[in-house]
Structures are given as structure tokens and as C-alpha cells.
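Listed below are the residues making up each chain.
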Amino acid sequence: MDLEARSLQPNVKAVLLAKLRECKSDLNNLKSEHKRLASANSNQAARDDLLESGMADAMSVSANQRGRLMMSTERLNESSDRIKESRRTMLETEELGVSILQDLHQQRQSLLHANDTVFLLLKVPYRLHLLTGKFEGKDERKRLMRKRRKKEQVKEIKMLF
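Positions within a chain are numbered from 1, following the residues in the order the chain's sequence is written. Reporting in this predicted model follows two pLDDT cut-offs: at least 70 for local features of residues, and 80 or more for side-chain atom pairs to be given and counted; totals over whole chains, interfaces and linings ignore these cut-offs and use all residues. Here the side-chain values reflect all heavy atoms present in the structure, with hydrogen atoms and water set aside.

Chemist: What exactly am I supposed to notice about the overall build of the chain here?
Modeler: Secondary structure is summarised from DSSP: a helix means a run of H or I of at least four residues, a strand means a run of E of at least two, and numbering begins at the N terminus for each. Across its full length, the chain carries four helices and two strands. For the chain, the α and β elements follow one another from N to C terminus as α-α-α-β-β-α. Three labels apply to residues, based on accessible area from a 1.4 Å probe with only protein chains included: buried if under 20% of the type maximum, exposed if over 50%, partly exposed otherwise in between. Expressed as a percentage of the 161 residues in the chain, the buried residues total 7%. By definition in these notes, contact holds between two residues if any of their heavy atoms fall within 4.5 Å. Restricting to contacts in the chain with at least 6 residues of sequence separation, those with at least 24 account for 13%.

Written as C-alpha cells, this is what we have:
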């Protein structure tokens, strides 16, 4: 590898040679540590120390994971609470919208009834229809008067029973 790196272009060669030196030093460090550990295996105290430190590392990793899990659970619960609050707000808004639409419908019916009443009382030969914007003639007035009379007759019949 050393020979291949030296035969490359100067800008790439410097980077690769530096990495190669690092890898060689890491390899030497690992070899020396391996020799030290191999000799330590014969020594029971060193072995116990190694096991205890491994357990301590496992405990700290476990505590770390537990802490992250707790934070994630807390964030999840907060998100769930926000979603529930948003849903409640949405339902309240929907109820308010339905109520407003019902009020507007009642007001429309009142305006239409008032328009019909004024039309009938004044006995104008034509009137401007509120919805279409067109003028309605005498035939329409007659139809409305018949409709009104019919409603009054139904009321009278209901009162008799």
C-alpha cells in the first residue's frame, strides 16, 4: 500500500500517506494492547478489574439509553396532548360553525317571510325576488297568496282538533 500511495499524484499522495501512517500506528497500539491483555489473563485480579469495568460501561450505556427513552416518551406524550387539544379545538370550531349556519338560515327565512308579507300587504303588481334578482309578476303574487291561505286553513283545522 505504501508503494502504491507513493506512485500517485502529489496532492492525493500526501493524504493517503498520512492515513497510512495513522493506520500503522493504530495497528501497533492494538498489538501492544493485545500483548498486555494476553499477559493480564493469567492474572486473576486484572481479569476481575476488566470485567467490573465492562459492567460499569454496560450500566452507563443502559442508563444512557433509559434516559433517552424517557425523553422520547415524554416528547411523545406531549405531542399526543397537543393533538388531543387540537382535536378538541377543531370540534368546538365545527360546533360554532354549525350554530352560525343555523342562525343564518333562520335569518334568511325571516327575511324571505318579511319580503312575502310586504309584497302581499302592498299588493304591488310585481316585486324583486331576493334570490334571483328578477321581478316577479302578478301570477307569482297569486300563487303566494294561495299558499298563505292554505297555511292559514291548515292552522285553523289543527286548532279545531
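Chemist: Where do I start with a nonpolar patch on the surface in this structure?
Modeler: Patches here: salt-bridge-free residues with over 30% relative accessible area, like charges joined within 9 Å, nonpolar side chains (Val, Leu, Ile, Met, Phe, Trp, Tyr) joined within 5 Å. Per-residue and other accessible areas were derived by the Shrake-Rupley procedure at a 1.4 Å probe size, with only the shown protein chains allowed to occlude residues. The working definition used for a salt bridge is a side-chain nitrogen of Lys or Arg within 4 Å of a carboxyl oxygen of Asp or Glu. A cluster of nonpolar residues, L96, I100, L101 and L104, forms a patch on the protein surface that exposes about 400 Å² of accessible area. Looking at where L104 falls in the secondary structure, it is placed in helix 3 (residues 44-122).

Chemist: Mind showing me how you'd approach the pattern of salt bridges here?
Modeler: Opposite charge on two side chains makes pairing possible when the charged atoms of those side chains draw close. Counted according to the given criterion, the structure contains three salt bridges. Between R88 and E85 there is a salt bridge whose closest N-O contact spans 2.3 Å. In this pair, R88 and E85 are both assigned in helix 3, three residues apart and thus about one turn of the helix distant. With a relative accessible area of 39%, R88 lands in the partly exposed category. By relative accessible area, E85 is classed as partly exposed at 40%. Two residues, E92 and R88, come together in a salt bridge whose shortest N-O distance is 2.4 Å.

Chemist: Any chance you could explain the environment of E92 here in plain terms?
Modeler: Structurally, E92 is set in helix 3. We classify E92 as partly exposed; its relative accessible area is 41%. Polar contact is defined as a pair of N or O atoms within 3.5 Å, subject to the rule that within protein one atom must be able to donate a hydrogen and the other to accept it, and that residues adjacent in sequence are counted only when both atoms are side-chain atoms. Here the side chain of E92 touches R88 through a polar contact of 2.4 Å, side chain to side chain.

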